[in-house]
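Chain and residue survey
Chain residues, written in single-letter form:
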Amino acid sequence: QVQLVESGGGLVQAAGSLRLSCAASARTFSSYAMGWFRQAPGKEREFVAAISRSGGNTEYADSVKGRFTISRDNAKNTVYLQMNSLKPEDTAVYYCAADYDLYLSTTLSTTKEYRYWGQGTQVTVSS
């Protein structure tokens, strides 16, 4: 069982930045592929970014490419999402996700591929 706790959300003006963190309880954090998803009111949960076990591979939704950066620190059992140039349409609850992965380089980009989820952190971007 893996527990995930997100932090770092809040209210920010458009064009501002936030960094989200997700702390994992996994004993072997480096065995888990990690991802960030978001869900706006009335919409389905959508993929934002993913990172492989090793951190060597990343994947992004088109809507955040060039603005968001996912990273991980396996020594600290933590994955991050640096969000720059925020837009009002980025407003959502952001969720961290994890799943055990046999491969070092795989990124997982769909909700069905993740078994473990955090409770979410609210990000609100004002115009």
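Refer to the structure printed above.
So, a few notes on the structure that sits alongside this text. Values in this document were obtained by computation on a predicted structure and should not be read as measured data. (Residues numbered from 1 in each chain as written. Predicted model: local features only at pLDDT ≥ 70, side-chain atom pairs only at ≥ 80, totals over all residues. Heavy atoms only, no water.)

The next thing to look at is the state of the cysteines. Two cysteines joined by a covalent bond between their sulfur atoms form a disulfide. Counted under the stated rule, the structure contains one disulfide. Residue pairing for Cys22: its cysteine sulfur links by disulfide to Cys96, the two sulfurs lying 2.1 Å apart. Of note, the bridge from Cys22 to Cys96 carries an S-S torsion of about -80° and is left-handed in sense. Highlighted residues: Cys22 in strand E3 (residues 18–24) and Cys96 in strand E9 (residues 92–100), separated in sequence by 74 residues. In this structure, Cys22 and Cys96 share a single accessibility class: buried. (Disulfide = S-S within 2.5 Å. Helix = DSSP H or I, 4+ residues; strand = E, 2+ residues; numbered from the N terminus. Buried < 20%, exposed > 50% of the residue type's maximum accessible area, 1.4 Å probe, protein only.)

Counted by the stated rule, this structure contains five salt bridges. Here Arg115 ties to Asp99 by a salt bridge, and the two come within 2.8 Å at their closest N and O atoms. Taken as a pair, Arg115 in the loop between E9 and strand E10 (116–117) and Asp99 in strand E9 lie far apart in primary sequence, 16 residues in all. Given a relative accessible area of 53%, Arg115 falls into the exposed group. Take Asp99: its relative accessible area is 8%, and that puts it in the buried class. Overlapping salt bridges, with partners in common, bring together Arg38, Glu46, Arg67 and Asp90 in one network. (Salt bridge = Lys/Arg side-chain N within 4 Å of Asp/Glu carboxyl O.)

Moving on, we get to unusual backbone geometry. Residues apart from glycine generally show negative phi values, whereas peptide bonds are mostly found in trans. One non-glycine residue, Ala15, lies in positive phi territory at about 80°. One can find Ala15 in the loop between strand E2 (10–13) and E3. The phi dihedral of Ser85 falls on the positive side, at around 50°, and the residue is not glycine. Relative to the assigned elements, Ser85 resides in the loop between strand E8 (78–83) and E9.

The next subject is the nonpolar core. Soluble globular proteins: nonpolar side chains tend toward being buried together. Leu4, Met34, Trp36, Val79, Leu81, Met83 and Tyr94 are the most contacted members of the largest nonpolar core, which totals 38 residues. Put simply, the parts of the chain that give this core at least two residues each are E3, strand E4 (32–39), strand E5 (46–51), strand E7 (68–73), E8, E9 and strand E11 (121–126). Ignoring any residue separated from it by four or fewer positions in sequence, one finds Met34 in contact with Leu4, Cys22, Phe29, Ala50, Ile51, Ile70, Arg72, Val79, Cys96, Ala97, Ala98 and Tyr114. (Core = buried A, V, L, I, M, F, W, Y, C linked by side-chain atoms within 4.5 Å. Contact = heavy atoms within 4.5 Å.)

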